[in-house]
Amino acid sequence: MNKKFSCRALAQTLVMVSLTIITNASYALTDMNGKSTTIDAHTAKGQWSVVTIWASTCTICHQSIGEIETFKKRFPQAKVFGVSTDGPLGKAEAQGFIKQLGLSFPNLLGSYMEVSDYIYRHAGESLMGTPTLLLYNPQGKLLAVQPGPVSANELIGFIQKQTPETK
């Protein structure tokens, strides 16, 4: 009887550990040095955070990511970082994209499915494609998920509309 109980307890524990690993894996990304991280670990508390999701093979990403660079220069009080959906096997392509476009903000690496799962869990919608922009307010709340290119002016305008005037 004791043996049966311990086998059942062991099986239940293994199932729970497996579910925990599967659930947490959907949030796991790496930085470009291979260190595990998450989107949430990079969003800043106390300031706006802008996340641009891109892929090295995305033509629109190539054409529009310069607007995120422009935003970063014009709105330095916000934290900006990128997430490549090229996945671990596409790391070299992602690094080439960063170098070719001279990106000055940090970038993370994850799979399309991991990023889509993250967005679904936080916004109730799947990743519709790249580029996609995530915008977090200074309290760390995800305010917007915007597929497609976004200009620096549009992004600054949206933030200014959300920020109460200080008198």
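See the structure printed just above.
Small disclaimer: the values here were computed from a predicted structure and weren't measured.

Engineer: Help me get a handle on the sheet that holds strand β6 (residues 132-136), residues and values and all.
Structural biologist: In spatial order, the strands read β2-β1-β5-β4-β3-β6-β7; together these seven strands make up an open sheet with mixed pairing. Because the sheet does not close on itself, it has two edges, and the strands there are β2 (36-37) and β7 (142-147). Summarising the sheet, strand β1 (residues 29-31) and strand β5 (residues 107-109) pair through two bridges and their orientation is antiparallel. If you follow T30 over to β5, its bridge partner there is L109. Contacts from helix α3 (residues 59-74) reach β3 (49-54), β4 (79-84) and β6 within the one sheet, and its direction differs from that of β3 by about 165°. With respect to the sheet, helix α6 (residues 152-162) is in contact with β3, β6 and β7, its orientation differing from that of β6 by roughly 25°.

Engineer: Can you break down the nonpolar core residue by residue, with the values?
Structural biologist: Buried together is how nonpolar side chains tend to be arranged in soluble globular proteins. The biggest cluster of nonpolar side chains holds 27 residues, and the ones touching the most others in it are F71, L135 and L155. The residues touching L135, leaving out its near neighbours within four places in the chain, are W48, S49, V50, K141, L142, L143, A144, L155, F158 and I159.

Engineer: Residues and numbers for the pairing of β3, please.
Structural biologist: Across the six residues that make up β3, a large majority, six, are buried. Here β3 shows two buried faces, one formed by S49, V51 and I53 and the other by V50, T52 and W54. Handedness of the crossover joining β3 and β4 through α3 is recorded here as right-handed. Judged from the five bridges that link them, β3 and β6 form a sheet pairing that is antiparallel. The partner of T52 across the bridge, within β6, is L133.

Engineer: Explain the packing of α3 against helix α4 (residues 91-101) residue by residue, including any values.
Structural biologist: Where α3 meets α4, the closest approach of the two axes is 11 Å, and the angle between their N-to-C directions is 45°. Comparing the axis directions of α3 and α4 gives the class oblique. Crossing hand, α3 versus α4: right-handed. Packed against α3, whose contacting residues are C61, H62 and I65, the element α4 presents F97, Q100 and L101 at the interface. Residue composition of the contact of α3 with α4, by class: four nonpolar, two polar and no charged.

Engineer: Account for the side chain of S116, with residues named and values stated.
Structural biologist: Residue placement: S116 occurs in helix α5 (residues 112-123). Beyond its immediate stretch of four places on either side in the chain, S116 contacts E125, S126 and L127.

Engineer: Can you break down the packing of aromatic side chains residue by residue, with the values?
Structural biologist: This model, assessed by the stated rule, comprises two aromatic pairs. A ring pair is formed by W54 and F97, whose centres lie 4.1 Å apart and whose planes are at 15°; its orientation type is stacked. Of this pair, W54 sits in strand β3 while F97 sits in helix α4; the two residues are 43 residues apart in sequence, bridging distant segments of the chain. For W54, a relative accessible area of 0% gives the class buried. With relative accessibility at 2%, the residue F97 sits in the buried group. Seen from their ring centres, F71 and F75 are 5.3 Å apart, and the 20° between their planes marks the pair as stacked.

Parameters and conventions
Residues numbered from 1 in each chain as written. Predicted model: local features only at pLDDT ≥ 70, side-chain atom pairs only at ≥ 80, totals over all residues. Heavy atoms only, no water. Pairing = 2+ DSSP bridges. Helix = DSSP H or I, 4+ residues; strand = E, 2+ residues; numbered from the N terminus. Contact = heavy atoms within 4.5 Å. Axes fitted to C-alpha atoms, helices over the stretch in contact; angles between N-to-C directions. Core = buried A, V, L, I, M, F, W, Y, C linked by side-chain atoms within 4.5 Å. Buried < 20%, exposed > 50% of the residue type's maximum accessible area, 1.4 Å probe, protein only. Right-handed = clockwise from strand over helix to strand, strands pointing away. Parallel < 35°, antiparallel > 145°, perpendicular 65-115°, else oblique. Left-handed = near helix turned anticlockwise from the far one by under 90°. Nonpolar A, V, L, I, M, F, W, Y, C, P; charged D, E, K, R; others polar. Phe/Tyr/Trp six-rings, centres within 6.5 Å; stacked < 30°, edge-to-face > 60°.

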